Number of protein chains: 2
Amino acid sequence: MGTRDRIIDAAEQAIHEFGIAGATTKRIAHQAGCSEALLYKHFASKESLLLAVLLERMPALAPALAKLRLSVGQGEIRANLTTFTTMALEFYTRAAAIAGGVLGDPPLLDGFRTMLVKAGSGPHLPIEALAEILRAEQGADRLDAGIDAGAAASMLMGACFHRANLSYFVDLPDDDETWAGTIVGTLVRR
Amino acid sequence: MGTRDRIIDAAEQAIHEFGIAGATTKRIAHQAGCSEALLYKHFASKESLLLAVLLERMPALAPALAKLRLSVGQGEIRANLTTFTTMALEFYTRAAAIAGGVLGDPPLLDGFRTMLVKAGSGPHLPIEALAEILRAEQGADRLDAGIDAGAAASMLMGACFHRANLSYFVDLPDDDETWAGTIVGTLVRR
């Protein structure tokens, strides 16, 4: 395993144990068995290291969206969306501690915002990608054309993101699979 | 203004400036012009002080839910829900930095969870309260009985919570009022 991967693994572990604030680059470098200088050779900032953890170590949202896009017009739309919902919930649950920690740390949040603007990236893009897929399903006449695809995507992703966050604070009564099915059934009813 | 209120104000200000991690009880006490010992006389823990900021200083969710409950069977349901959605979005936007900061700090999160269990409270309860209201509107035949009220409440609250969080990371294209109207229109369509 290369140094870069060791650093990302060490960062993920440190965030899990100590939270964002406690996951200092010093601690991460020590855990990865390298110097802080070498860490900064691979990652320009703590922000870019956090982004690498989010994009490279989490069960990512991009493959789930790609899978859903490939299934447009294929199979049962509710089943496809329920599978996607479960994957999105899993992603947000893993990502929640990082996203929360960044949000709760004003200087880190500033750096993160700047980095996202430069990269033309952002956590709102998966919603737009999902809306595009829902529009394609409307085009294939498999989803009520009266639904606003953007609003439906906001609600589906938002419900997953919220539930992921809630699960850290309380034990939720219903199981994830059942919940996902009910959400999708309510959203795509005709 | 009493000491307790001064402490809560100082905590809110410190969180805004320094984030949860930087908002130490030492800093808050200093800002409130009291000793840390006196702070701990009013609040048993940093967790309970944070909860007081959330419940007493934020434009709260409880009055928004109470207002919506009073409007069951009255006026136009879409307009009522759109007003509620805007208020929920405002609440979650103000609360996001605290919720995120707690989530990103494992020991603080542990303390928060324990406190919520003891209090029989939790951030999932507003979803249940909204579901109850939606069921009452179904009983009054103002909302499609085929909608699962729990799922609809999860989606409406989730969309607000997610958007509140996103707004810290990126500049969102559409304005809040338009967005709220589209969400509600998609949710309660017949």
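Residues numbered from 1 in each chain as written. Chains lettered and ligands numbered in written order. Predicted model: local features only at pLDDT ≥ 70, side-chain atom pairs only at ≥ 80, totals over all residues. Heavy atoms only, no water.

With an unreviewed UniProt entry as reference, chain A is termed TetR/AcrR family transcriptional regulator, source organism Nonomuraea insulae.

Engineer: Is there a simple way to explain the environment of Val 117 of chain A in this structure?
Structural biologist: Mapped onto the elements of the fold, Val 117 of chain A is located in helix α7 (residues 106-119). In this structure the C-alpha to C-alpha distance between Val 117 of chain A and Arg 94 of chain A, which are 23 residues apart in sequence, comes to 24 Å. (Helix = DSSP H or I, 4+ residues; strand = E, 2+ residues; numbered from the N terminus.)

Engineer: Teacher, can you tell me more about unusual backbone geometry here?
Structural biologist: Residues other than glycine predominantly adopt negative phi, and peptide bonds predominantly adopt the trans conformation. The phi dihedral of Asp 141 of chain A is positive, around 60°, even though this residue is not glycine. One can find Asp 141 of chain A in the loop between α8 (125-139) and α9 (149-169).

Engineer: Hey, could you run me through the packing of aromatic side chains in this one?
Structural biologist: For any pair of aromatic rings, geometry is given as the distance between the ring centres together with the angle between the planes. Evaluated as defined, the whole model comprises 7 aromatic pairs over all chains. Both rings, one in Phe 161 of chain A and one in Phe 161 of chain B, keep their centres 5.5 Å apart while their planes meet at 35°; by these two values the pair is tilted. Of this pair, Phe 161 of chain A sits in helix α9 while Phe 161 of chain B sits in helix α9 (residues 149-169), placing the two residues on different chains. Three or more aromatic residues joined by ring pairs make a cluster, and in this case those are Phe 91, Tyr 92 and Phe 161 of chain A together with Phe 91, Tyr 92 and Phe 161 of chain B. Sitting above the plane of the Phe 18 of chain A ring, Arg 27 of chain A keeps its charged end 3.7 Å from the centroid. (Phe/Tyr/Trp six-rings, centres within 6.5 Å; stacked < 30°, edge-to-face > 60°. Lys NZ or Arg CZ within 6 Å of the ring centre and 35° of its normal.)

Engineer: Looking at this structure, how should I read the environment of Asp 9 of chain B?
Structural biologist: Residues and elements named next belong to chain B. With respect to the helices and strands, the residue Asp 9 is situated in helix α1 (residues 3-22). In this structure Asp 9 comes out as partly exposed when scored by relative accessible area, which is 28%. Along the sequence, Asp 9 and Val 53 sit 44 residues apart, while their C-alpha atoms lie 7.8 Å from each other. Residues within four places of Asp 9 in sequence aside, it is in contact with Met 1 and Arg 57. (Buried < 20%, exposed > 50% of the residue type's maximum accessible area, 1.4 Å probe, protein only. Contact = heavy atoms within 4.5 Å.)

Engineer: Explanation requested: the interface of chain A and chain B in the structure shown.
Structural biologist: With 52 residues of chain A at the interface, the matching set in chain B holds 52 residues. Together, the buried faces of chain A and chain B total about 4100 Å²; carbon and sulfur atoms form 70% of this surface. The tally of links from chain A across to chain B stands at 2 salt bridges. A salt bridge links Arg 113 of chain A to Asp 171 of chain B; the shortest N-O distance between them is 3.0 Å. Secondary structure elements with two or more residues in the side of chain A that touches chain B: α1 (3-22), α6 (77-103), α7, α9 and α10 (176-187) of chain A. Per-element accounting of the side of chain A that touches chain B gives the leading share, 14 residues, to α9 of chain A. Tallied by class, the residues present in the side of chain A that touches chain B amount to 31 nonpolar, 15 polar and 6 charged. (Buried area = accessible area lost by both parts, 1.4 Å probe. Salt bridge = Lys/Arg side-chain N within 4 Å of Asp/Glu carboxyl O. Nonpolar A, V, L, I, M, F, W, Y, C, P; charged D, E, K, R; others polar.)

Engineer: When you look at α1 of chain A in this model, what are you seeing that I'm missing?
Structural biologist: Each α-helix turn comprises 3.6 residues. Residues three or four places apart therefore point the same way. Helix length check: α1 of chain A, at 20 residues, gives a terminal C-alpha distance of 21 Å against a target of 28 Å (1.5 Å per residue), a shortfall beyond 12%. Of all the bends in α1 of chain A, the greatest, near 90°, is centred on His 16 of chain A. Listed in full, the buried residues belonging to α1 of chain A are Ile 7, Ile 8, Ala 10, Ala 11, Ala 14, Ile 15, Gly 19, Ile 20 and Gly 22 of chain A. Residues of α1 of chain A that are buried make contact with α2 (25-32), α3 (36-42), α4 (46-57), α6 and α7 of chain A together with α7 (106-119) of chain B. (Expected span 1.5 Å × (residues − 1). Bend = angle between axes of the 7 residues up to and from the residue.)

Engineer: What is the right way to look at α2 of chain A in this model?
Structural biologist: All names here are of chain A. For α2, every residue scored as buried is listed here: Thr 25, Ile 28, Ala 29 and Ala 32. All buried residues of α2 lie within an arc of 100° about the axis, which places them on one face of the element. Those residues of α2 that are exposed and aimed more than 90 degrees away from the buried face are Lys 26, His 30 and Gln 31. In this structure, the buried side of α2 is in contact with α1, α3 and α4. Immediately downstream of α2, the backbone of Gly 33 shows phi near 70°, a positive value. (Arc of directions from axis to C-beta.)

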